Amino acid sequence: MCTSSEKEHFEVQYKKNAFFSPKEVQFVIYDKKIWSFAKELLRDSKTVADIGAGGGTLLYNISKITTAKLIAVDFSDIAVTYLKRMVPEATILKEDVTETSLGNESLDFVASTMTIEHVDDDKLLKEVRRILKDKGYFLITTVLKTRNAWYFYKDKNGKSVLEPSHLQEYGSLSSFLKLLNKYGFIILKAETPRLKFPLIDPLLKRVFGLFRNDFWNAIPATKPVEFLRKISMFPIPGYYAIEVIAQKKTK
């Protein structure tokens, strides 16, 4: 369950960055092979949920390739506002991602990008297993931190972290896959692309942060601005994404 301090942290982050919720899927799924495989599975899915949906980038792209019923889960008021704009056809649940109101074995496909590192990972995986149908598919991404990783954020022990609110940053792909296996998931595909930061973002945030209206907030999600962000991406030292497509084992 998310604590009140974690919720407050995310509200602050969304206030700063929600207008950067992009439409380009490469900002949330870095490996093209993973996304290509996910699209194949999504086309035949009837019910799809994005757990920790944020501003709606992934669900927006999912909506373009499937006629499935779409569900977004996020506890942030600001995230919900952006979700409604980005994916108006989706059912939005303002709930804790580890304790949703979704029914047992009710979903064909569950996605969760860069969320598990913020919460109790055991609770999240138990919840996904509960709501996913037998042989249902699970797309999950998280952070891989190598020994030489460096970023300007620090945790309470003074160690570099990608985000101050992270409860864990996984040390290897194998350890994360073992965790998925523990909760009854078969690994279908796994990749570890580099994590990159758009160097132009600080400037964009200063410029667009001066304005708070629908017109200005929509500009960073336009193709020209997203192109500038993509070409300015620079690898974060020692950090990678873990991107996995798994399938729930039958009972």
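Our subject in this report is the structure included herewith. Values in this document were obtained by computation on a predicted structure and should not be read as measured data.

In total, this model carries 10 salt bridges according to the counting rule given. Among the ionic pairs, Glu105 bridges to Lys248, the shortest N-O distance being 3.8 Å. With Glu105 in the loop between β3 (91-93) and β4 (107-113) and Lys248 in strand β10 (residues 233-248), this residue pair connects regions lying 143 residues apart in the sequence. Exposure remark for Glu105: the relative accessible area of 30% places this residue in the partly exposed category. A relative accessible area of 3% places Lys248 in the buried class. Its salt-bridge partner being Arg130, residue Glu127 comes within 2.7 Å of it at the nearest N-O pair. Of this pair, Glu127 and Arg130 both sit in helix α5 (residues 121-131), 3 residues apart, which is roughly one turn of that helix. The class of Arg130 is partly exposed, set by a relative accessible area of 27%.

Enumeration according to the criterion identifies 5 aromatic pairs in this entry. Between the aromatic rings of Phe152 and Tyr153, the centroid separation amounts to 4.7 Å while the plane-to-plane angle is 50 degrees, which identifies the pairing as tilted. Take Phe152: its relative accessible area is 48%, and that puts it in the partly exposed class. Pairwise contacts between aromatic rings join Tyr151, Phe152 and Tyr153 into one cluster.

Within β4, 7 of the 7 residues are buried, leaving the element largely enclosed by the surrounding structure. Pairing of strand β1 (residues 47-51) with β4, which is carried by 3 bridges, proceeds in the parallel orientation. Bridging from a neighbouring strand, Asp50 pairs with Ala111 of β4. Direction of pairing for β4 relative to strand β5 (residues 132-145): parallel, over a ladder of 6 bridges. The residue of β5 that forms the bridge with Ser112 is Ile140. Following the chain from β4 across α5 to the adjacent parallel β5, one finds a crossover that is right-handed.

Quick notes on the rules
- Residues numbered from 1 in each chain as written.
- Predicted model: local features only at pLDDT ≥ 70, side-chain atom pairs only at ≥ 80, totals over all residues.
- Heavy atoms only, no water.
- Salt bridge = Lys/Arg side-chain N within 4 Å of Asp/Glu carboxyl O.
- Helix = DSSP H or I, 4+ residues; strand = E, 2+ residues; numbered from the N terminus.
- Buried < 20%, exposed > 50% of the residue type's maximum accessible area, 1.4 Å probe, protein only.
- Phe/Tyr/Trp six-rings, centres within 6.5 Å; stacked < 30°, edge-to-face > 60°.
- Pairing = 2+ DSSP bridges.
- Right-handed = clockwise from strand over helix to strand, strands pointing away.

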